[in-house]
Amino acid sequence: MNASSFLVLTVLSFSVRASAIGQDCVMDQYAEWTIDSLLDPTMRAEVLSLYPTGLLEETSTVELIALPGRANCHDRAEFNGNDITVVIEGAPFDTAKHTFGYDRSQQVPFLCNIDGLGFWGTDGGMPRREIKGVNVTMKGKMLNVPKRGYTNLYEPNICDTYPASNDAPISIHASCRLSKDRERLYIHMMNSDGAGGYLVTWIFQNGRYWGRVVEHGF
């Protein structure tokens, strides 16, 4: 990571603590990379190419190498190609394993943090599903996304649609792309419960986890 990227990440790494608008409503979040904070023009263009056309004002047509995937639509997607295997796993959200903060200034309490963190995937409602893990194997070496890379990302959409039969093709919502020079791997998802939508892209560079880019509020 170059000096300018380190400087941006240092600035972003300060927790964002909003004024409490109700009891227990503390909004600490992990620092997020966004398209606007990506300084590397190549990485920026490659991430943009993953986004649906028209979602943001800025677009990109950079071509990336797609890794073929398959999924059961419920809790697992797997991608294989170019000596790379990627597995995304989901699981039911277990309320017993989390703590919650609410805005109680309204008649109906509004869920505003989980485990002390702002979160993505719902708009004040309790999540139903969470990401259990994102595991990557490159040339036989395991490169797991650390838990902090997905801990506040909920309502994963592994598939667009459910197959009509066991033999019908499955449309996978998640995707994996490799840069043409094979130096960067992107794992991309568009998740939500219909409200709280967000895009997340996990980035690996030169065989190491680099970070995640999150876009929301579109």
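Here, the structure is the one placed above.
Below is a summary of the structure that appears in this document.

The rules we used
- Residues numbered from 1 in each chain as written.
- Predicted model: local features only at pLDDT ≥ 70, side-chain atom pairs only at ≥ 80, totals over all residues.
- Heavy atoms only, no water.
- Helix = DSSP H or I, 4+ residues; strand = E, 2+ residues; numbered from the N terminus.
- Buried < 20%, exposed > 50% of the residue type's maximum accessible area, 1.4 Å probe, protein only.
- Contact = heavy atoms within 4.5 Å.
- Areas by Shrake-Rupley, 256 points an atom, 1.4 Å probe, with all protein chains shown as cover.
- Polar contact = N/O pair within 3.5 Å; in protein donor to acceptor, adjacent residues only side chain to side chain.
- Salt bridge = Lys/Arg side-chain N within 4 Å of Asp/Glu carboxyl O.
- Pairing = 2+ DSSP bridges.
- Axes fitted to C-alpha atoms, helices over the stretch in contact; angles between N-to-C directions.

### Here we look at the overall build of the protein
Regarding its fold elements, the protein presents two helices and twelve strands. In the protein, which comprises 218 residues, the proportion classed as buried is 43%. Residue pairs in contact within the protein that sit at least 24 positions apart in sequence constitute 56% of those at least 6 positions apart. Accessible area of the protein: about 11,600 Å², with a carbon and sulfur share of 50%.

### Looking at the side chain of E46
With respect to the helices and strands, the residue E46 is situated in helix α2 (residues 41-48). Within the structure, the side chain of E46 is placed 2.7 Å from the side chain of R184, a separation counted as a polar contact. Those residues in contact with E46 that sit more than four places away from it in its chain are V62, L64, S179, R184 and Y186.

### Here we look at the pattern of salt bridges
In a structure, side chains of opposite charge can pair up when their charged atoms sit close to one another. Summed over all chains, the structure comprises nine salt bridges. Between K180 and E63 there is a salt bridge, with its nearest N and O atoms 3.6 Å apart. With K180 in the loop between β9 (175-178) and β10 (184-191) and E63 in the loop between α2 and β1 (65-66), this residue pair connects regions lying 117 residues apart in the sequence. Comparing K180 with E63 shows no difference in burial state: the two are exposed.

### Regarding the sheet that holds strand β11 (residues 198-205)
Pairing is antiparallel in the open sheet, where five strands are placed in the order β1-β9-β10-β11-β12. This sheet does not close on itself; its edge strands, each paired only once, are β1 and β12 (208-216). The pairing of β1 with β9 spans two bridges and is classified as antiparallel. For I65, the partnering residue across the bridge sits in β9 and is L178. Against the sheet, α2 touches β10, β11 and β12, its axis set at about 40 degrees to β10.

### Comments concerning the environment of R128
Here R128 is to be found in the loop between β6 (110-114) and β7 (129-138). The class for R128 is exposed, based on a relative accessible area of 59%.

### A closer look at unusual backbone geometry
Residue N82 is not a glycine yet carries a positive backbone phi of 55 degrees. For N82, the position within the fold is in the loop between β3 (76-81) and β4 (84-92). One non-glycine residue, K139, adopts positive backbone phi at about 55 degrees. The topology assignment puts K139 in the loop between β7 and β8 (141-142). Since its relative accessible area comes to 71%, K139 is described here as exposed.

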